[in-house]
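Architecture at a glance
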Amino acid sequence: MPDLLLELFSEEIPARMQAQAADALKKLVTDALVERGLLYEGAKAFVTPRRLALAVHGLPGRQADQREEKKGPRVGAPEQAVAGFLKAAGLASLDQATIQSDPKKGDFYVAVVEKPGRATTEVVAEIVPDIIRKFPWPKSMRWGSGTLRWVRPLHSIVATFGAEGDEPEVVHFSVDGIEASNVTRGHRFMAPEPFTVKRLDDWMAKLEAAKVVADRDRRKEIILNDAKDLALAAGLELVEDEGLLDEVCGLVEWPVVLMGSFEARFLDIPDEVIRATIRANQKCFVLKDPKTGRLANRFILISNLVASDGGKAIVAGNERVIRARLSDAKFFWDTDRLNGLASRMPKFQSITFHEKLGSQAERIERIVRLAKELAPKVGAPVALAEEAALVAKADLLTEVVGEFPELQGLMGRYYAQGENLPAEVAAACEEHYKPQGPNDRVPTAPVSVAVALADKIDTLVGFWAIDEKPTGSKDPYALRRAALGVIRIVLENGIRLRLYEVFKQENLRWCRSEQRENIAALIDRVAPNFVRGAHEENDLNRLIQEAGMSDKPVVVYSLLLFLGDRLKVYLREIGVRHDLVDAVFALPGRQDDLLLVVRRVEALAAFLATEDGRNLLAGYRRAVNILRIEEKKDGRAFAGPTVAALLKEPAEEHLAAAIDDVKARVSKAVAAEDFEAAMTALSDLRQPVDAFFDAVTVNDADPALRENRLKLLDEIRAATRGIADFDRIEG
């Protein structure tokens, strides 16, 4: 079957746009082909700095013929309806229509429209110009007197179609005066002359001969392998960088790997600063000395041509620029070390953190205070937590971080170490920002944990209090990341922390001091759990506002529900069911100890995976369904306990006794936080529940017996609620 080759040749496409553009071209073209009935066997997109290309394999030579029946009006219908039918069907008269009979509707006209399939080249010539004109570049431009917008001036279009072994034909179309052809060009400097191409294999072979590696993945492989080989030959190791590799791959069509050097005197700059300088300014890779574990004074650069002098001039040019940039970096590094971290703190008073949340200095004061309060709870010395929280943000005002913001925290650690601050304080300067993503490590040192939690909790409570919450896909203040950070720090360090009290106290700091005690009492009275409390917060805030007690809302319950949602996302990603988290959060009492919540969820998941667990859940649902139906019928609730004298059947006596025993054992086990024992106790309900439904008629003719048995069903529900709200368990 024939193949389609499409190439759009232009000036240099920005590296950051290339991969996305290749994917977009593939999707837009193949979707348009399929929509028109042209199915294909495979497609692959290619991108280099100067070309965007697509090969579609196994296309049919033309569309299939189509036959469509269009139903018209009844025979004898008004002339206007008949005329409309003839026009819509493209018929000259009713003689070209047929008559079909329907037993119910009678005779009606039918037009049989046969539409011959079009040649694939004709379809391609129709869809590609429209795709080019509407291509979704993040940024585009116009040039000359034309109207076409493209990322950079578009010079030529290759469009060929044909089967292997045949001479492919050019798909004729034009876009803004650019005629599609079979002519392209190679490397800008080493092979600028035009040449003709046929299909994919011919195109790739001729481009290779013209010093262009069309396959992006192959260019990356060449760069990586050659860089490693060159480093190895010098007795060094390449510091791999996937992001930089992606970028430089988009800067060259014919990668040539070269090595340069810089003065050894620059090696007293931290490795990360050297790497950031060389990476940001010259897109070069750094090398590590395996003997010392530190960077070597060498770097790898990627040229886009084979130079006649072996690349000496290219290397020398890069060395000059890197020498100048490293001189700047050394100046920044030396200047920063002249002034201590603590001396920078007064400058934060004039820097606004957020117009509604005060200055950076005020934020640091809040973090210091909260870190001191959290320190005993996470096993950190209070004095060290206070010292670390005070200087953790100081490196934001340094020259190096001003130049390379991505080094914030890390430079704080270096500066703290240079001032001989305690090791725990230096570590917290770096680690309090962590984790910054799902794959980032979590701080484990107690002082770092205290400051990291304080930083994230202050962020969450503050932005919640000014109603700057995440909405949909928008989260400008990274509050989802902050919440996930709190969750991971707590869970991965096994920390027992009552977040309700922490959030409440932080929330109260935004209230007027004379009203804090009153508001605290109101918060505590809102609801026994977060599921209900979040709905009642609005009423509470309306009361507080009307009483003029505070200009900041209560956010404890809604914030904890948000944290619960983030916890469900986190647990779902590691394979835990979200409905089990809901079932535990819905229990009476404030389920704000995340570690305890997760342990209970894990025990519940293990229990429901057993036969006893599955059968008890089925029995529970049967009991609850009966109870709901009867409560709706009677218009009242049937709440236990039961009346012992009305337990007539052995099965209901046995069930009542089992429920009393299980409730006591579950309560004792939960109090001891032994959730496995609680689940074991709960499993003992399975047999009595099964036996009850086998032997007892709930809706007895005797009203007193019926009511007592319905109360017994409610006791089943009460027994399980010592563990979780089984109503929220799915499946």
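Residues numbered from 1 in each chain as written. Predicted model: local features only at pLDDT ≥ 70, side-chain atom pairs only at ≥ 80, totals over all residues. Heavy atoms only, no water.

Tallying secondary structure elements over the protein chain gives 26 helices and 18 strands in all. The C-alpha atoms of the protein chain give a radius of gyration of 36 Å, which is well past the 27 Å a tight globule of 731 residues would have. When the backbone C-alpha atoms are referred to their principal axes, the protein chain occupies close to 100 × 100 × 50 Å. Out of the 731 residues in the protein chain, the part that is buried amounts to 50%. Pairs at least 24 apart in sequence give 69% of the contacts found in the protein chain among residues at least 6 apart. Considering the protein chain, the positive charge centre built from 101 side chains and the negative charge centre built from 113 side chains are found 2 Å apart. (Helix = DSSP H or I, 4+ residues; strand = E, 2+ residues; numbered from the N terminus. Rg over C-alpha atoms; globule rule 2.2 N^0.38 Å. Buried < 20%, exposed > 50% of the residue type's maximum accessible area, 1.4 Å probe, protein only. Contact = heavy atoms within 4.5 Å. Lys, Arg positive; Asp, Glu negative; His and termini not counted. Charge placed at Lys NZ, Arg CZ, Asp CG, Glu CD.)

In space, the three strands of this open sheet follow the order β4-β6-β5, with antiparallel pairing throughout. Edge positions in the sheet fall to β4 (66-74) and β5 (98-102), since each of these pairs with one other strand and no more. Pairwise comparison of adjacent strand axes, ignoring direction, gives a mean angle of 35 degrees for this sheet. The strands touched by helix α2 (residues 79-89) are β4 and β6 (106-115); relative to β4, the strand with the most contacts, the crossing angle is about 170 degrees. (Pairing = 2+ DSSP bridges. Axes fitted to C-alpha atoms, helices over the stretch in contact; angles between N-to-C directions.)

Here we take up the nonpolar core. Core analysis: the largest hydrophobic core is formed by 162 residues, its most contacted members being Leu453, Ile457, Leu567, Leu604 and Leu685. Of all the elements, helix α14 (residues 446-465) adds the most residues to this core, at 12 residues. The residues contacting Leu604, other than those within four sequence positions of it, are Leu580, Ala583, Val584, Met679, Ile723, Ala724, Phe726 and Ile729. Membership of the second largest hydrophobic core comes to 39 residues, among which are Leu25, Leu33, Ala43 and Phe173. (Core = buried A, V, L, I, M, F, W, Y, C linked by side-chain atoms within 4.5 Å.)

On the basis of which strands lie adjacent, the open sheet formed by four strands has the order β13-β15-β16-β14 and antiparallel pairing. A single partner strand is all that each edge strand has here, and the edge strands are β13 (237-238) and β14 (256-261). Across three bridges, the pairing between strand β15 (residues 285-288) and strand β16 (residues 295-303) is antiparallel. Looking at β16, one finds that Lys288 is bridged to Leu295. Each of β14 and β16 is contacted by helix α8 (residues 312-338), which is oriented at about 130 degrees to β16, the strand it contacts most.

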